[in-house]
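So the chains spell out like this:
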Amino acid sequence: MPGTPTLSERITRSVIRTLGSLPEGMQRAIAGKPVVVDGQQLYTEVQMALRLLNALPDSDFSTLPLPKAREQIDAEARIFGGSHSVAEVADFTIPTRGGGVAARRYSNVPAHQRTGTVLYFHGGGWVVGSLDSADSVCRFIAANSTLEVISVDYRLAPEHPFPAGAEDAIDAYFWLREERDGEPIAVAGDSAGGNLSAVVCLATADDPLGPPDFQLLFFPVTDLSEKSGSYALFAEGYFLTEAQMDWYREHYLPSPDDALNPLASPLLAEQSLLSKMPPAHVAVSGFDVLRDEGVAYAKRLQGAGVPTTLQLVEGHIHAFVNATGVGKLSAKALAESVRFLEQGLRANAASPPENPATP
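Here's what I pulled together on the structure shown here. (Residues numbered from 1 in each chain as written. Predicted model: local features only at pLDDT ≥ 70, side-chain atom pairs only at ≥ 80, totals over all residues. Heavy atoms only, no water.)

Along its length, the chain carries twelve helices and ten strands. Here the chain has a C-alpha radius of gyration of 19 Å; the compact-globule value for 359 residues is 21 Å, and the two agree. For the C-alpha atoms alone, the extent of the chain along its principal axes is close to 60 × 45 × 35 Å. Taking all contacts inside the chain whose residues are at least 6 apart in sequence as the whole, residues at least 24 apart take part in 78%. Of the side-chain charges in the chain, 27 are positive and 43 negative, and the distance between the mean point of each set is 7 Å. (Helix = DSSP H or I, 4+ residues; strand = E, 2+ residues; numbered from the N terminus. Rg over C-alpha atoms; globule rule 2.2 N^0.38 Å. Contact = heavy atoms within 4.5 Å. Lys, Arg positive; Asp, Glu negative; His and termini not counted. Charge placed at Lys NZ, Arg CZ, Asp CG, Glu CD.)

In C-alpha cells:
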C-alpha cells in the first residue's frame, strides 16, 4: 500500500497547494515574467512551481546515490499527487518469466459495472519510480471512470537492464488478457511507462491473443537512438532535463546498439508492424525534452492507419499527470486523456478487428 507522507512532505505539500490555489495574478507575481518558447507560453501555476522546485537543494535526483534518487521520486509523488478516493485498493503479485512482479489494483465500481481494465506502467526512466510514484494517477483514472486500473512494478535498471522491464510489461499483459478473457484491456503509462505501453503493443501484434484494445501514452519515450529538437529547446529548467535523460539511457541500455531496437525505441518500428497497433491517444507536454518524439510517434501511428488522437498540453511540463494535487491544470489535462481512454475502449470493443493476429 502507498507510503505515508513524512512531516516534511506534508508541510511542503500544504505550502505548494496553498500557492496553487492563489489567484493567477498573485501566482504571476511569484513566477516572474511569462516564459514563451517555440510559440508556447508556460502556464503561470507551472512556472511558479518550477521556480520553487529549482531553488530546492538536491532538486536533481540524478546526482544522488540511486537509493536516495528513488526515495526522492516517491516523495515528490506524495507531495504533488492528488488525493483521489477509490473504493478498493489492493496489492498482489503478477507471475512473470522473471518470477513475479508486485502490482496494485484500483477499483471504484463493482465488477459487473466495470467497462474494462487499464494496465498501467509508471514513469521514471526505467531506473526510478514505483507503485507509490504512480499511485495518484492510477487513483485518478479509477475514480474518474468505470475502469479498473492495475499498476505494475516492473524490474528497474541498472540491476535489471533492458529488456527486463519490457519483458515484465509484456508478461503482465498476457497474464491480464488470460484473466480477463473477452474484456476490453488498455495499456497506459507515463514517460518510460508510455514507452513500455507502446512496446507491449508492438510485441503482441502477431500473438494469437492479440495486442491490447487501446493504448494511452503520456509523454512517452519513443526514440533512444537520437535526440529530437525539443531536447535543445528544453534541455534544462523544465523539470525533466537532457542530462537526466542521458542518465536514464546509460542505466537502462546495456549497449548503445540497443537503442536501435524497436522494443527500446518504438519510433523505429517498421511501418508494417505499426499498422497492426491498437488505437492510441498520445498526450505530450509543450515544455518537455520528449515533446517532439511523442508527437512523431503519434504521427507515425496515424500514417500507418491507426486511429490516433494527439493531445498537446502546450503550457505544461513533463509528468503533469503526477501533479493533480497542485493547481487545476494538471487534473484538467488528465481528465481529458481519461475521456479519450474510455471512448477509445468503447469504440474498439464495439467493432473489434476480425483477426488481430493476422500478419
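This part covers the packing of aromatic side chains. Overall, the coordinates contain twelve aromatic pairs when judged by the stated rule. Each ring, one from Phe61 and one from Trp247, has its centre 5.6 Å from the other, and the planes form 70°; the classification is edge-to-face. With Phe61 in the loop between α3 (44–54) and α4 (66–80) and Trp247 in helix α9 (residues 242–252), the pair connects residues that are 186 residues apart, well separated along the chain. The same class applies to Phe61 and to Trp247, which are both buried. On the numbers, 5.7 Å between centres and 45° between planes, the contact of Tyr173 with Phe174 is tilted. (Phe/Tyr/Trp six-rings, centres within 6.5 Å; stacked < 30°, edge-to-face > 60°. Buried < 20%, exposed > 50% of the residue type's maximum accessible area, 1.4 Å probe, protein only.)

Before going further, it helps to examine the environment of Ile141. With respect to the helices and strands, the residue Ile141 is situated in helix α5 (residues 135–143). The spacing of Ile141 and Leu312 is 171 residues in sequence and 19 Å in space, taken between C-alpha atoms. In contact with Ile141, other than residues within four places in its own chain, are Tyr120, Val149, Val338 and Leu341.

Further remarks concern the pairing of strand β6 (residues 148–153). With five of six residues buried, β6 lies mostly within the body of the structure. Pairing analysis gives five bridges linking strand β4 (residues 101–107) to β6, with the strands arranged antiparallel. Its bridge partner lying in β6, Arg104 is registered against Ser151. In this structure, strand β5 (residues 117–121) lies alongside β6, joined through five bridges in parallel fashion. Across the sheet, the residue bridging to Thr117 is Glu148, located in β6. Where the polypeptide runs from β5 across α5 and back to β6, its parallel neighbour, the crossover connection is right-handed. (Pairing = 2+ DSSP bridges. Right-handed = clockwise from strand over helix to strand, strands pointing away.)

Shape is all these values report; function is a separate question.
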